[in-house]
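Working through the structure, step by step
Listed below, chain by chain, are the residues.
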Amino acid sequence: MKYIVIGASAAGINGIRRLRELDPKAEIILISKDEKIYSRCILHHYIAKQRDLDALSFVSKNFIEDNNITWIKGEAVTSLDITSKEVKTNSDRIIKYDKLLLAAGGSVKLPPIPNLAEATNVLSLHTLQDADQINEAIKKAKNIVVLGAGLVGMDIVSGIIPNNTGRFKSKNITIVEIQPHLLSLQLDEKAAQTYQNIFTQLGINQFYNVKITDLVLNNKHKIKKIILSNGKELSCDLFLVASGVASNIEFLKDSGIKLDDFGVLIDKTGQTSDPNVYAAGDITGRNPIWPVAVKEGIIAASNMFGIYKEMDDFFISKSTMNFFNIPTMSLGTPNINLDEYEVEIEDDGENYKKLVHKDGKIIGAILQGNLDYSGVLTQLIAHKIDLTKVPKPILKINYADFFHQNKNLEFVYLE
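Residues numbered from 1 in each chain as written. Predicted model: local features only at pLDDT ≥ 70, side-chain atom pairs only at ≥ 80, totals over all residues. Heavy atoms only, no water.

Next up on the list: the overall build of the protein chain. When helices and strands are counted, the protein chain shows 9 helices and 25 strands. Relative to its length of 415 residues, the protein chain is compact, with a C-alpha radius of gyration of 23 Å against a globular reference of 22 Å. Along the three orthogonal principal directions, the C-alpha set of the protein chain runs to about 75 × 60 × 40 Å. Counting across all 415 residues of the protein chain, residues that qualify as buried make up 48%. Counting only contacts in the protein chain whose residues sit at least 6 apart along the sequence, the fraction spanning at least 24 positions is 61%. Taken as a whole, the protein chain presents about 20300 Å² of accessible surface, with 48% of it coming from carbon and sulfur. Of the side chains in the protein chain, 47 bear a positive and 50 a negative charge, and the two mean positions are spaced by 4 Å. (Helix = DSSP H or I, 4+ residues; strand = E, 2+ residues; numbered from the N terminus. Rg over C-alpha atoms; globule rule 2.2 N^0.38 Å. Buried < 20%, exposed > 50% of the residue type's maximum accessible area, 1.4 Å probe, protein only. Contact = heavy atoms within 4.5 Å. Areas by Shrake-Rupley, 256 points an atom, 1.4 Å probe, with all protein chains shown as cover. Lys, Arg positive; Asp, Glu negative; His and termini not counted. Charge placed at Lys NZ, Arg CZ, Asp CG, Glu CD.)

Take a look at the structure:
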């Protein structure tokens, strides 16, 4: 069997790992634009000089050699022919496959702001090259504006904020976000405020519920001023965009693989519209979160080999973060229309818990500070425990309330 995997990030590498476990003798070819294997989730540590390149890796030093992988690095796949079962790269290589895993990820999506496409002092944070460019640009920039306060925006700001070495002490940093608060997909206003307060203490300027309406460029096409919808004008030497990710699907447009406005369409096994082609991670345009990409890569690889697996997580949306040493976990959709759901909140000033549920089914949750309850919460979700069967306040539930031994001394969960 000959497998090709496109993409060397979470989905692709974990797909490769699974394929090699299942098929020790198979030929596996990895094709990627990246020339290093690294975690995109911790690139902000690289910017902050908290990790070097080796510390960004999430595989062993000899992963490629130990798993007998042929790695075509620094190349992009430009087309796919599902009839002849072959891919073509930008160096005109044509490579045949038996099974193909599409894990080419995504790229930063530039918003439709006037003059943005022409501006030259604009960067984003998605690749190692992006991080190197940001590190170089920051040396000269004084007024830095970050567009977007989602996970990537938070990564960027936490990477460039003034630190105890004084490296960025003279920088004027501003966040601009169209939503009412930061991390609007993951957190509610209360949990977000914890991080916003820290930004305020650090002297970070923050604008929420606003849009950028115009960019004023100089004669070298560099942004010198940003105009906000509230009338505020911001000086800008460096504009960092963190406003979303678009799937890397350009090479699939004429392939016959079914796509939609988000990315590659897959079923619950990771299979695309072609039975020999699977997809996982950001290329699908759904849930651009590292743990999801990891699981999708593993499940797709299992099915490519012939072992049936489904993507059956109760919550496909799960984020765990630890900005400023304040751990936070978000599950599901904690900001759903709360008029239709029951909400349980526990807040002692340092630790915050919020659980959204309806008819015994957990819809979303936020934990901030102490994450001990995440273990219980995960089991409640994984085993689909009906909360109405547990006669106890939801936020006080422990393992003993639904985890017990039967007469055969086997551990079972509440039915």
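Having seen it, we continue.
Time to look at the sheet that holds strand β14 (residues 223-228). With antiparallel pairing, the 3 strands of this open sheet are ordered in space as β13-β14-β15. The open sheet has two edge strands with one neighbour each: β13 (212-217) and β15 (233-235). Within the sheet, the average angular offset between the axes of one strand and its neighbour, ignoring direction, is 20°. Of the pairings in the sheet, the one linking β13 to β14 comprises 5 bridges and is antiparallel in character. (Pairing = 2+ DSSP bridges. Axes fitted to C-alpha atoms, helices over the stretch in contact; angles between N-to-C directions.)

Looking now at the environment of leucine 234. Assignment of secondary structure puts leucine 234 in strand β15. Separated by 60 residues in the primary sequence, leucine 234 and threonine 174 place their C-alpha atoms 8.5 Å from one another.

Turning our attention to the packing of helix α1 (residues 10-22) against helix α8 (residues 290-305). Direction vectors running N to C along α1 and α8 enclose 35°, while the axes themselves pass 7 Å from each other. Taken as a pair, α1 and α8 cross one another with a handedness that is right-handed. Contact residues: Ala10, Ala11, Asn14, Gly15, Arg18, Leu19 and Leu22 in α1; Trp290, Ala293, Val294, Gly297, Ile298, Ala301, Ser302, Met304 and Phe305 in α8. Of the residues in the contact of α1 with α8, the class split is 11 nonpolar, 4 polar and 1 charged. (Left-handed = near helix turned anticlockwise from the far one by under 90°. Nonpolar A, V, L, I, M, F, W, Y, C, P; charged D, E, K, R; others polar.)

Let us now look at the pairing of strand β21 (residues 342-347). Bridge analysis of β21 against strand β22 (residues 352-358) gives 6 bridges, and the strand direction is antiparallel. Each residue of the ladder has a partner; that of isoleucine 345, found in β22, is lysine 354. Adjacent in sequence and paired antiparallel, β21 and β22 are bridged by 4 residues, among which glycine 349 carries a positive phi angle near 95°.

As a further point, take the pattern of salt bridges. Counted by the stated rule, this structure contains 14 salt bridges. A salt bridge links arginine 18 to glutamate 21; its shortest N-O distance comes to 3.4 Å. Note that arginine 18 and glutamate 21 are positioned in helix α1 at a spacing of 3 residues, about one turn of the helix. With a shortest N-O distance of 3.2 Å, lysine 354 and aspartate 188 are connected by a salt bridge. Here the residue lysine 354 occupies a position in strand β22, and aspartate 188 occupies one in the loop between β11 (172-177) and α7 (189-201), the gap between them amounting to 166 residues. (Salt bridge = Lys/Arg side-chain N within 4 Å of Asp/Glu carboxyl O.)

The next thing to look at is the side chain of glutamate 177. Inspection of the secondary structure assignment puts glutamate 177 in strand β11. No salt bridge is formed by the buried glutamate 177. Its closest oppositely charged neighbour is lysine 211, at 11 Å. In this structure the side chain of glutamate 177 is engaged in a polar contact, spanning 2.6 Å, whose partner is the backbone nitrogen of alanine 149. For glutamate 177, the residues in contact, after removing those within four places along its chain, are Gly148, Ala149, Gly150, Phe207, Tyr208, Asn209 and Val210. (Polar contact = N/O pair within 3.5 Å; in protein donor to acceptor, adjacent residues only side chain to side chain.)

What follows covers helix α6 (residues 151-160). Of all 10 residues that make up α6, 8 are buried, and the element is covered over most of its length. Of all the residues in α6, the buried ones are Gly153, Met154, Asp155, Ile156, Val157, Ser158, Gly159 and Ile160. Those residues of α6 that are buried are in contact with α2 (43-47), α5 (128-138), β10 (143-147), β11, α7 and β16 (238-241).

The phi dihedral of histidine 221 falls on the positive side, at around 65°, and the residue is not glycine. Here histidine 221 falls in the partly exposed class, since its relative accessible area comes to 42%. Non-glycine residue aspartate 359 carries a positive phi angle of around 55°. The topology assignment puts aspartate 359 in the loop between β22 and β23 (361-368).

Relative to the assigned elements, glycine 153 resides in helix α6. Each C-alpha atom of the pair glycine 153 and threonine 120 lies 20 Å from the other, and the pair is 33 residues apart in sequence. Each residue touching glycine 153, except ones within four places of it in the same chain, is listed here: Val146, Gly148 and Ala242.

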